[in-house]
Amino acid sequence: MIVRNLFKIKRAFCIRSLRMSSIPTEEPLNAAAEKSQQVDELADVVELGGPPAKKLKGEDEVLTVVEKEVNEAGERLKKKKVALLLSYSGKGYYGMQLNPGFPTIEDELLTALCKAGVIPLNHKENPSKMQFQRAARTDKGVSAAMQVVSLKLWVNVENAIKKVNELLPAQIRMIDFKRTTQSFNCKNSCSHRTYSYFLPTYAFTPVEEMVLQSFRLEDPEKTIAKVNEVLALYKGTHNFHNFTSGKKPDEASSMRYIIDMQCSQPFIQDGLEWAVVTVKGQSFMLHQIRKMIGLMIAIVRGLASMDVISKAWGPAKVDIPKAPGLGLMLEQVHYDSYNKKYGYDGMHEPLIWDEHKEQIEAFKKKHIYSSMIETEKAEKDMMKWMSTLFSHHFDYRINVDLPAEAETAVGRAAHLVKLDDRKKAAALVELNSVAGEDNTDTVASENTNASNVEVPVIPAETAQQSETNKDSSNSEALSEVDTSNKSESNG
């Protein structure tokens, strides 16, 4: 009764204020009557303990009306904070995060959640309204077996997971969601993350040998032991500013802790030999894992020494190649600290998803591994990237304002081939000037067609290999110095 009396007083004051205004009385009185009815309805709802209300701005004051949010059974929808687990193949998407004008995983997910009636319609365009956050921002083409996002959604929508999955493409699946604390943030609450990198073993082909898709490791144990010896150097806390972009060596955020990193024994799948590198760390920067893999491959092949890793920890910029994004996958995000504090308090569940292990493994085989294998066999992403390694010098950078490849003779030649006719002459002078050399090792003639840009002299063994590749009828063969085929994922 007290609540109703308060609303009646407010209504009377509203009508009196409108009557005293200088505006003709008929329209304001009608408006006042309409507002009065709204206040009466709200009073009934508040007195009966009804649903929360939303604000509507009136002409003279702010009044509230009931927000009708009910499920199919007529029950009021309950909006709660949750951790949502999803799996996806990143092929064809420009990463996880929303990016207007480009297809992304988040765009697909939020659209499906809206259409399924799990979140309000206006939350898709403004995810901050539901406190949306992702645990890891995967790059272009990168997949995830167990990605987690946190948000507020209506938890009592019937068959919510089924409805959302019916609206998602087959390569994206909503696996489950669990209630969390109101302050839960899937990114900040994450203890550590585990990634894997799925790569063909011909990435380990010695530099003096021809690279073929039919490659098999002659001594698998010896090669994998060498790989793990290199990967072990990444463990611990180091300054990884050389393994990302836009980070300075004196920034605290450049320091990252790698818990473990190792490579599995090789296995045969669909006619190719593969290996999987697994890395677990607290957090990772943009392109960090791909650069760690890229440098490891260069060292194992014999193109660089392990001393390069020691140089990379220092303040100076070092030339480090970035491996393709195709084989990278987010395996799992871990919430050890959160689970220990809240997971067994009787009100919340631990964020452990063991009950979905079989479903997730089946999804990985059908949509992630199969996509990686098919794409590598058809497009040869790794093989094309390997042809660019001769454009790197794996040493201190000469000029950080230019691409690292432009600091080698082969890289400058490849760079010139890609430029249009108007820019080649000027670029040649600039590149050779920056490198501190004259233009005798890389010549661009007045006729600036690609065929007239001469690649500088290279070691006899490599030249012989290149000539053998040209004469070979095997379509799998790739010349390591064919820099005109340079291609790399931007993921």
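Remember, it's a predicted structure, so these values are computed and weren't measured experimentally.

Reading guide: rules and limits
Residues numbered from 1 in each chain as written. Predicted model: local features only at pLDDT ≥ 70, side-chain atom pairs only at ≥ 80, totals over all residues. Heavy atoms only, no water. Helix = DSSP H or I, 4+ residues; strand = E, 2+ residues; numbered from the N terminus. Buried < 20%, exposed > 50% of the residue type's maximum accessible area, 1.4 Å probe, protein only. Contact = heavy atoms within 4.5 Å. Areas by Shrake-Rupley, 256 points an atom, 1.4 Å probe, with all protein chains shown as cover. Arc of directions from axis to C-beta. Salt bridge = Lys/Arg side-chain N within 4 Å of Asp/Glu carboxyl O. Pairing = 2+ DSSP bridges. Expected span 1.5 Å × (residues − 1). pLDDT = per-residue confidence, 0-100. Patch = residues over 30% accessible without salt bridge, like charges linked within 9 Å, V, L, I, M, F, W, Y side chains within 5 Å. Lys, Arg positive; Asp, Glu negative; His and termini not counted. Charge placed at Lys NZ, Arg CZ, Asp CG, Glu CD.

## Here's the deal with the overall build of the chain
Consideration 1: Along the backbone of the chain there are 13 helices and 12 strands.
Consideration 2: Buried positions account for 47% of the 491 residues belonging to the chain.
Consideration 3: Put simply, 71% of the contacts in the chain that link residues at least 6 apart link residues at least 24 apart.
Consideration 4: As presented, the chain carries roughly 24500 Å² of accessible surface, and 50% of it is formed by carbon and sulfur atoms.

## Quick word on helix α4 (residues 160-167)
Consideration 1: Residues of α4 that are buried include every one of A160, V164 and N165, and no others. On an axial view of α4, the arc spanned by its buried residues comes to 125 degrees, and they lie on one face. Turned more than 90 degrees away from the buried face of α4, the exposed residues are K162 and E166.
Consideration 2: Its buried side turned inward, α4 meets α3 (105-115) and β6 (172-179).

## What about the pattern of salt bridges?
Consideration 1: What the rule picks out here adds up to nine salt bridges.
Consideration 2: A salt bridge links E355 to K178; the nearest nitrogen and oxygen atoms lie 3.3 Å apart. A residue pair is termed long-range when its members are at least 10 positions apart, and E355 in the loop between α8 (336-343) and α9 (357-379) and K178 in strand β6 qualify at 177 residues.
Consideration 3: What you see here is one network of salt bridges that share partners, running through D107, K124 and E125.

## What about unusual backbone geometry?
Consideration 1: Backbone geometry at N159 places phi at a positive 55 degrees, although glycine is not the residue there.
Consideration 2: Within the element layout of this structure, N159 appears in the loop between β5 (143-154) and α4.
Consideration 3: Take N159: its relative accessible area is 55%, and that puts it in the exposed class.
Consideration 4: Even without a glycine there, the phi angle at H287 is positive, about 65 degrees.

## Looking at the pairing of strand β12 (residues 328-334)
Consideration 1: Burial of β12 is extensive: six of the seven residues sit out of reach of the surface.
Consideration 2: When β5 meets β12, the two strands line up parallel, connected through two bridges. If you follow S143 over to β12, its bridge partner there is M329.
Consideration 3: Judged from the six bridges that link them, strand β7 (residues 192-200) and β12 form a sheet pairing that is antiparallel. Bridge assignment links R193 to a residue of β12, and that residue is V333.

## Quick word on the environment of L303
Consideration 1: Relative to the assigned elements, L303 resides in the loop between α6 (288-301) and α7 (307-312).
Consideration 2: It is 8.1 Å that separates the C-alpha atoms of L303 and F390, two residues lying 87 residues apart in sequence.
Consideration 3: Beyond its immediate sequence surroundings of up to four residues, L303 is in contact with V207, A298, L389, F390 and F394.

## Some words on α9
Consideration 1: Over its 23 residues, α9 extends 31 Å from the first C-alpha to the last, a length consistent with the 33 Å expected when each residue adds 1.5 Å.
Consideration 2: Where α9 ends, the next residue or the one after it, K380, has phi of about 55 degrees, a positive value.

## Quick word on the confidence of the model for the chain
Consideration 1: Summary statistics for the chain give a mean pLDDT of 78 and a share of 67% for residues scoring 70 or more.
Consideration 2: Across residues 18-68 the pLDDT falls below 50, and counting only partners more than four positions away or on other chains, this stretch makes 53 contacts in the model.

## A look at a negative patch on the surface
Consideration 1: Residues E208, E209, E218, D219 and E221 make up a contiguous surface patch of negative charge.
Consideration 2: With respect to the helices and strands, the residue E221 is situated in helix α5 (residues 220-232).
Consideration 3: For E221, a relative accessible area of 63% puts it in the exposed group.

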